[in-house]
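# Structure at a glance
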Amino acid sequence: IRYFANDNVSKYLNDGDIPQLIDELTVHFEGVLDTLLIDRVNDPNSKGTARRLAKMYFTEIMAGRYEPEPDATSFPNSDYTGMLVVRSELKSVCSHHHQPVTGVAYIGIIPGERVIGLSKYTRIAQWCARRGTLQEELCNDIAKSIMAATESENVGVYIAATHGCCENRGIMAHSSLTQTTVLHGQFHEADVKKEFFDNISLQEKFSNGR
């Protein structure tokens with residue numbers, strides 16, 4: 001099977017596998033700390049760090065690889081034909097340097113015959129984000145998952161995020177911002193695309209208190 005950093009492998013895991021994998025990863029992280037010449041035995045700040053790192057990867061920053069997709073039961077659309085835009089805060093990990101990616105996704109949809117609950121958009125987006133990925137891939141993954149859950153081809157996803165690999169290393173650009181957009185169906189139409197980005201601007205003003 002393929003097991004890229006941004007793949008979900010939950011269907012290949014059995015009950016009890018995650019604790020066992022955490023134990024295994026703890027040993028490897030102990031080796032990393034040893035190679036970094038960090039005294040994890042006598043340094044009070046480094047005691048238990050290897051296990052904390054192992055648990056963090058499996059249960060937090062890459063949990064989207066090991067947990068099944070959130071249940072997003074759809075229900076009949078009550079004749080709503082307008083646009084819906086949901087703002088979702090995201091935390092992800094760059095698969096190149098395992099640095100944090102922090103940002104927000106705007107998910108736009110023109111519903112078809114089925115709809116899902118508002119919270120499900122954010123749950124799906126965060127599930128896609130909690131793994132090693134690139135922002136371009138994440139944008140695509142969220143769009144595909146929303147399309148599958150809603151049975152609608154009319155979906156747009158816009159992500160704006162800061163990247164630790166730009167802020168904490170390399171160019172050290174603390175003001176950098178990366179923006180990506182994926183459009184499907186009616187969102188390619190000029191008037192629909194404009195409405196989507198107008199709604200994003202309104203939500204940005206609202207979230208910033210202006």
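Check the entry above for the structure.
Here's what I pulled together on the structure shown here.

Basis of the calculations
- Residues numbered from 1 in each chain as written.
- Predicted model: local features only at pLDDT ≥ 70, side-chain atom pairs only at ≥ 80, totals over all residues.
- Heavy atoms only, no water.
- Helix = DSSP H or I, 4+ residues; strand = E, 2+ residues; numbered from the N terminus.
- Buried < 20%, exposed > 50% of the residue type's maximum accessible area, 1.4 Å probe, protein only.
- Contact = heavy atoms within 4.5 Å.
- Areas by Shrake-Rupley, 256 points an atom, 1.4 Å probe, with all protein chains shown as cover.
- Lys, Arg positive; Asp, Glu negative; His and termini not counted.
- Charge placed at Lys NZ, Arg CZ, Asp CG, Glu CD.
- Salt bridge = Lys/Arg side-chain N within 4 Å of Asp/Glu carboxyl O.
- Pairing = 2+ DSSP bridges.
- Axes fitted to C-alpha atoms, helices over the stretch in contact; angles between N-to-C directions.
- Parallel < 35°, antiparallel > 145°, perpendicular 65-115°, else oblique.
- Left-handed = near helix turned anticlockwise from the far one by under 90°.
- Nonpolar A, V, L, I, M, F, W, Y, C, P; charged D, E, K, R; others polar.

Across its full length, the chain carries seven helices and seven strands. Going from N to C terminus, the chain has its helices and strands arranged as α-α-α-β-β-β-β-α-β-α-β-α-β-α. For the chain, the spread of C-alpha atoms along the three principal axes comes to 65 × 40 × 30 Å. Counting only residues that meet the buried cut, the chain has 40% of its 210 residues in that class. In the chain, the proportion of contacts linking residues at least 24 apart, taken out of those at least 6 apart, comes to 71%. Just so you have it, the chain exposes about 12100 Å², and 52% of that area is on carbon and sulfur atoms. Averaging the coordinates of the 21 positive side-chain charges in the chain and doing the same for the 27 negative ones gives two points 4 Å apart.

Applying the stated criterion across every chain yields a total of six salt bridges. The partner of Asp 34 in a salt bridge is Arg 40, and the shortest N-O contact between them spans 2.8 Å. Of the charged contacts, one joins Arg 87 and Glu 89 as a salt bridge, the two residues approaching to 3.7 Å between their closest N and O atoms. When its relative accessible area of 30% is taken as the criterion, Arg 87 is described as partly exposed. When salt bridges that share partners are traced, they join Glu 30, Asp 34 and Arg 40 into one network.

Right, let's talk about the sheet that holds strand S5 (residues 132-133) for a bit. Read across the open sheet, the five strands follow the order S5-S2-S3-S6-S7; overall the sheet is mixed. The outermost strands of the open sheet, each flanked by one partner alone, are S5 and strand S7 (178-183). Pairing geometry for strand S2 (residues 84-94) and strand S3 (residues 100-109), over 10 bridges, is antiparallel. Within S3, the residue paired with Val 93 across the bridge is Pro 100. Packed on one face of the sheet, helix H4 (residues 118-129) meets S2 and S3 and runs near 20° to S2.

Put simply, helix H1 (residues 17-35) and helix H2 (residues 49-61) touch, their axes get as near as 8 Å, and they point 130° apart. Classified by the angle their axes make, H1 and H2 are oblique. Here H1 runs over H2; the crossing is right-handed. Contacts from Ile 18, Leu 21, Ile 22, Asp 23, Leu 25, Thr 26, Phe 29, Glu 30 and Leu 33 in H1 reach Thr 49, Ala 50, Arg 51, Leu 53, Ala 54, Lys 55, Tyr 57, Phe 58 and Thr 59 in H2. Per-class residue counts for the contact of H1 with H2 are 11 nonpolar, three polar and four charged.

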